[in-house]
Amino acid sequence: MKKFIVAALLLAFPLVASAQNRVEVSYESPDSIPDVTRELMAFLDVYYLKTTVHGDIKGKKWILWANEVNEGKVTSKPLFPYTFEFADTTATFTFIAQPVGKDSVRISCNTPRYGGRGNKYVIDPGKDTPYGIPYILMETFPEKPYTIPGEINLAAYTSGIAKSETSYDFCGLRFANTDPKMWQEKHKVPRFVYFSLRME
């Protein structure tokens, strides 16, 4: 009987450890924004996405990274050159994006420790398309649950999957549950940027 109990505990231990290291990401619906604010954002061509990270993250050190993807190559850079520590088991990251001209976008992120005026990123202007390529701030749903340690994708400023010169499937990309690193290879998405969290 004792051997059976010990064996059961040993089998359960990896499951407990895995549950403790699991991290979930949720997104606030744009419908939660007041109508007048949404109308103003649409007029100013501003995009907004609020992301909340839940899990066993209290006391974990973290860095937020911007990852620019072009022609299958990922160039990563931390948004802030310091490591911070989570003070709770939930943390909110709010992304705001606004196009600057036809070939770039300015994106800011308010984090649990800092905010800023934002950084400028290059995008594809779609010179060979009649109306240019549309971009939005979009969720990055994972293929499998996130765990620590590991990279946790939070948001992307991206186009959708091109169906024609004037039609782009954003939902198809959103719910493909593909790592953004693979979007260009699997879905032929043009140049884009995504943001990820790395914890120690």
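Residues numbered from 1 in each chain as written. Predicted model: local features only at pLDDT ≥ 70, side-chain atom pairs only at ≥ 80, totals over all residues. Heavy atoms only, no water.

A word on the nonpolar core. With 46 residues, the main nonpolar core has Trp62, Leu64, Phe93, Tyr157, Leu197 and Met199 as its most contacted residues. Counting residues per element, this core draws most heavily on strand 14 (residues 192-199), at six residues. (Core = buried A, V, L, I, M, F, W, Y, C linked by side-chain atoms within 4.5 Å. Buried < 20%, exposed > 50% of the residue type's maximum accessible area, 1.4 Å probe, protein only. Helix = DSSP H or I, 4+ residues; strand = E, 2+ residues; numbered from the N terminus.)

With that out of the way, let us pick up the confidence of the model for the protein chain. Taken as a whole, the protein chain shows an average pLDDT of 87; of its residues, 90% reach a score of 70 or greater. Across residues 1-18 the pLDDT falls below 50, and counting only partners more than four positions away or on other chains, this stretch makes zero contacts in the model. (pLDDT = per-residue confidence, 0-100. Contact = heavy atoms within 4.5 Å.)

By secondary structure assignment, the location of Thr178 is in the loop between helix 3 (170-174) and helix 4 (183-187). At 3.3 Å, the side chain of Thr178 and the side chain of His187 are in polar contact. Those residues in contact with Thr178, other than ones at most four positions away along the chain, are Phe141, Trp183, Lys186 and His187. (Polar contact = N/O pair within 3.5 Å; in protein donor to acceptor, adjacent residues only side chain to side chain.)

Counting buried positions along strand 7 (residues 104-110) gives five out of seven residues, so the element sits mostly inside the fold. Where strand 6 (residues 90-99) meets strand 7, six bridges bridge the pair, whose relative direction is antiparallel. For Ala97, the partnering residue across the bridge sits in strand 7 and is Ile107. With antiparallel pairing between neighbouring strands as the criterion, strand 6 and strand 7 make up a hairpin whose turn holds four residues, including Gly101 at a positive phi of roughly 70°. Sheet topology places strand 7 next to strand 8 (residues 119-122); four bridges connect them, and they run antiparallel. Across the sheet, residue Arg106 finds its bridge partner in strand 8, namely Lys120. (Pairing = 2+ DSSP bridges.)

What follows concerns unusual backbone geometry. For the bond running from Ile148 to Pro149, omega is 0°, close enough to zero to count as cis. Counting through the fold element by element, Pro149 comes out in the loop between strand 10 (146-147) and strand 11 (151-158). A positive phi angle is found at Asp45, which is not glycine, with a value near 60°. Mapped onto the secondary structure, Asp45 falls in the loop between helix 2 (35-44) and strand 2 (47-55). Classification of Asp45 by relative accessible area gives partly exposed; the value is 35%. Unusually for a residue other than glycine, Lys188 sits at a positive phi of about 55°. For Lys188, the location among the structural elements is in the loop between helix 4 and strand 14.

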